[in-house]
Amino acid sequence: MLDKVKKYIEEVDKFSSNSIEEIENFRIQYLGKNGIINDLFYSFKEIPPNEKKIFGIELNKLKKNIQSKINDQKLNIKNTKDDNKEIDLSLPATKFKSGTRHPISIVKNEIIEIFKNIGFILSNGPEIEDDWHNFTALNLPKDHPARDMQDTFFIQKNPDYLLRTHTSSVQVRYMEKNKETIKILSPGRVFRNESISARSHCIFHQIEGLCINNNTTFSDLKSCIYYFVKSFFGEYTKIRFRPSYFPFTEPSAEVDISCNICNGKGCNVCKYSGWVEILGCGMIDPNVLKNCEIDPIQKSGFAFGMGIERITMLKYQISDLRLFFENDIRFLNQFNLSI
Ligand code: DAH
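Parameters and conventions
- Residues numbered from 1 in each chain as written.
- Predicted model: local features only at pLDDT ≥ 70, side-chain atom pairs only at ≥ 80, totals over all residues.
- Heavy atoms only, no water.
- Helix = DSSP H or I, 4+ residues; strand = E, 2+ residues; numbered from the N terminus.
- Rg over C-alpha atoms; globule rule 2.2 N^0.38 Å.
- Buried < 20%, exposed > 50% of the residue type's maximum accessible area, 1.4 Å probe, protein only.
- Contact = heavy atoms within 4.5 Å.
- Areas by Shrake-Rupley, 256 points an atom, 1.4 Å probe, with all protein chains shown as cover.
- Lys, Arg positive; Asp, Glu negative; His and termini not counted.
- Charge placed at Lys NZ, Arg CZ, Asp CG, Glu CD.
- Axes fitted to C-alpha atoms, helices over the stretch in contact; angles between N-to-C directions.
- Parallel < 35°, antiparallel > 145°, perpendicular 65-115°, else oblique.
- Left-handed = near helix turned anticlockwise from the far one by under 90°.
- Pairing = 2+ DSSP bridges.
- Expected span 1.5 Å × (residues − 1).
- Arc of directions from axis to C-beta.
- Salt bridge = Lys/Arg side-chain N within 4 Å of Asp/Glu carboxyl O.

A.B. asks: Would you explain the overall build of the protein in this entry?
C.D. replies: When helices and strands are tallied, the protein shows twelve helices and ten strands. Whereas a compact globule of 339 residues would reach a radius of gyration of roughly 20 Å, the protein reaches 41 Å, over 25% beyond that. Seen through its C-alpha atoms, the protein measures out along the principal axes to roughly 125 × 50 × 40 Å. Counting across all 339 residues of the protein, residues that qualify as buried make up 42%. For the protein, contacts bridging at least 24 residues in sequence account for 68% of all contacts bridging at least 6. Summing over all exposed atoms, the protein offers an accessible surface of approximately 19,900 Å²; the carbon and sulfur share of this is 50%. Taking the average location of the 46 positive side-chain charges in the protein and that of its 43 negative ones, the two points are 4 Å from each other.

Structure representation (structure tokens):
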């Protein structure tokens with residue numbers, strides 16, 4: 001009987017197959033209900049007592065070998081299958097989905113390129129500002145009524161820290177460090193405590209321009225703005241300067257362009273006037289130059305500031321400002337052609 005078990009052990013050892021069916025038959029042959037192992041256990045009682053121990057050991061060994069043989073053979077089949085997996089090179093490639101640029105970034109970059117062509121360089125400032133750079137140095141001392149125009153998020157009182165209400169603060173930072181010829185453009189995020197609607201938001205973007213030289217004049221400002229408007233909105237766009245008031249410029253103006261939606265005929269975007277306002281500008285007030293330790297007798301300059309949302313709305317004829325901040329993929333995907 002012991003010899004029989006040893007013979008089975010040898011047989012199991014030799015077994016090898018690539019077929020799941022054959023392996024299953026092998027399993028049934030040995031481990032099935034009426035299989036060899038059960039038979040052998042059944043004949044256990046016929047074994048003479050002095051051989052029982054060694055028979056038991058060999059029988060268990062046989063059972064263990066069968067189980068591991070089955071596992072090994074199955075694993076073998078799985079591995080050869082994976083190795084032989086053929087790659088079909090004619091299948092269409094998985095589409096690579098590239099993201100799209102946000103319309104605000106598209107327009108911001110376009111504006112930067114236009115001003116770069118006439119010598120402007122970029123300069124940035126912090127979004128968390130102190131009172132001096134956002135207001136006081138810009139000729140807006142504490143209690144100046146014009147501060148009311150920019151309802152502010154204060155984040156600390158005394159000394160005052162706030163979220164900048166405009167990018168004009170970068171002018172001050174730059175003038176404090178640079179006293180010679182200046183020609184900078186400062187794009188960035190600004191914040192105002194305003195309720196959110198189709199026309200206003202508490203976060204938006206501006207681009208500020210600052211140009212200072214020995215004898216910069218209002219006509220330099222005008223030619224700069226003309227160049228920008230014609231490059232951005234097209235050669236036939238009409239431009240008008242309207243007198244206005246900003247504490248940091250004197251004289252000050254606001255610039256309107258002929259409505260590019262109705263071509264000046266009148267629509268609800270231009271409120272049937274044929275004109276839309278795009279920026280504020282003016283000659284830098286001597287007080288601002290003095291605050292930044294630049295001599296207003298020696299130097300003069302102009303500045304302008306525009307809202308990027310407004311320009312983008314005009315360019316793409318978008319009627320609700322909130323769309324820029326909602327990140328609705330259906331809205332954003334429309335801009336995937338421009339980089
Ligand atoms: N800072 C102004 C605002 O946010 C915009 C502005 C007007 C900027 C006139 C200027 C300027 O540089 O000269 O409303």
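Next comes the rest of the description.
A.B. asks: Would you take a moment to explain the packing of helix H5 (residues 103–116) against helix H8 (residues 218–233) for this structure?
C.D. replies: Angle between the axes and distance between the axes are the two parameters that describe a pair of packed helices. Interhelical geometry of H5 versus H8 gives an angle of 130° and a closest axis separation of 10 Å. Looking at the two axes, H5 sits oblique to H8. For H5 against H8, the interelement crossing comes out right-handed. Facing H5, whose interface residues are Val 107, Glu 110, Ile 111, Ile 114 and Phe 115, H8 presents Cys 224, Tyr 227, Phe 228, Ser 231 and Phe 232.

A.B. asks: How should I be thinking about the sheet that holds strand S9 (residues 275–284) in this particular structure?
C.D. replies: Within a beta sheet, neighbouring strands are joined by backbone hydrogen bonds and run either parallel or antiparallel to one another. Ordered in space as S1-S5-S6-S10-S9-S8-S7, the seven strands form an open sheet in which the pairing is mixed. With one partner strand each, in any of the chains shown, strand S1 (121–122) and strand S7 (239–246) form the two edges of the open sheet. Pairing of S1 with strand S5 (residues 182–191), which is carried by two bridges, proceeds in the parallel orientation. Paired with Ile 121 across the strands is Ile 184, a residue of S5. Set on the sheet, helix H10 (residues 308–316) makes contact with strand S6 (203–213), strand S8 (249–258), S9 and strand S10 (300–307); between it and S10 the angle comes to about 60°.

A.B. asks: Explain H8 here, please?
C.D. replies: Within an α-helix, residues lying three or four positions from one another point in the same direction, as the helix has 3.6 residues per turn. Over its 16 residues, H8 runs 22 Å from end to end, which matches the ideal 22 Å to within 8%, given 1.5 Å per residue. Those residues of H8 that sit buried are Leu 221, Cys 224, Ile 225, Phe 228, Val 229, Phe 232 and Phe 233. Mapping the buried residues of H8 onto a view down its axis gives an arc of 125°, with all of them on the same face. Summarising the contacts, the buried residues of H8 are in contact with H5, S7, S8, S9, S10 and H10. Once H8 finishes, Gly 234 follows within two positions and takes phi at roughly 115°, a positive value.

A.B. asks: Any chance you could explain the sheet that holds strand S4 (residues 161–163) here in plain terms?
C.D. replies: Taken together, the three strands give an open sheet; going across it, the order is S2-S4-S3, and neighbouring strands pair in antiparallel fashion. Two strands lie at the open edges of the sheet, namely strand S2 (128–130) and strand S3 (154–156), each paired on one side alone. Taking each pair of neighbouring strands and ignoring which way they run, the sheet shows an average axis angle of 40°. Bridging between S2 and S4 involves three bridges; their strand directions are antiparallel. Within the sheet, the bridge partner assigned to Ile 128 lies in S4 and is Leu 163.

A.B. asks: Looking at this structure, how should I read the side chain of Glu 309?
C.D. replies: Looking at the element boundaries, Glu 309 is found in helix H10. This buried residue, Glu 309, is left without a salt bridge; Arg 189 holds the nearest opposite charge, at 8.9 Å. Sequence-distant contacts of Glu 309, defined by excluding residues within four places in its chain, comprise Ile 104, Phe 204, His 205, Leu 321, Phe 324 and Phe 325.

A.B. asks: Teacher, can you tell me more about the pattern of salt bridges here?
C.D. replies: For side chains of opposite charge, pairing can occur when their charged atoms come near one another. Across all of its chains, the model carries 15 salt bridges by this definition. One salt bridge connects Asp 160 with Lys 142, and the closest N-O pair in it is separated by 3.5 Å. Of this pair, Asp 160 sits in the loop between S3 and S4 while Lys 142 sits in the loop between helix H6 (131–134) and S3; the two residues are 18 residues apart in sequence, bridging distant segments of the chain. According to the relative accessible area criterion, Asp 160 is buried, its value standing at 9%. Residue class for Lys 142 comes out exposed when judged on its relative accessible area of 51%.

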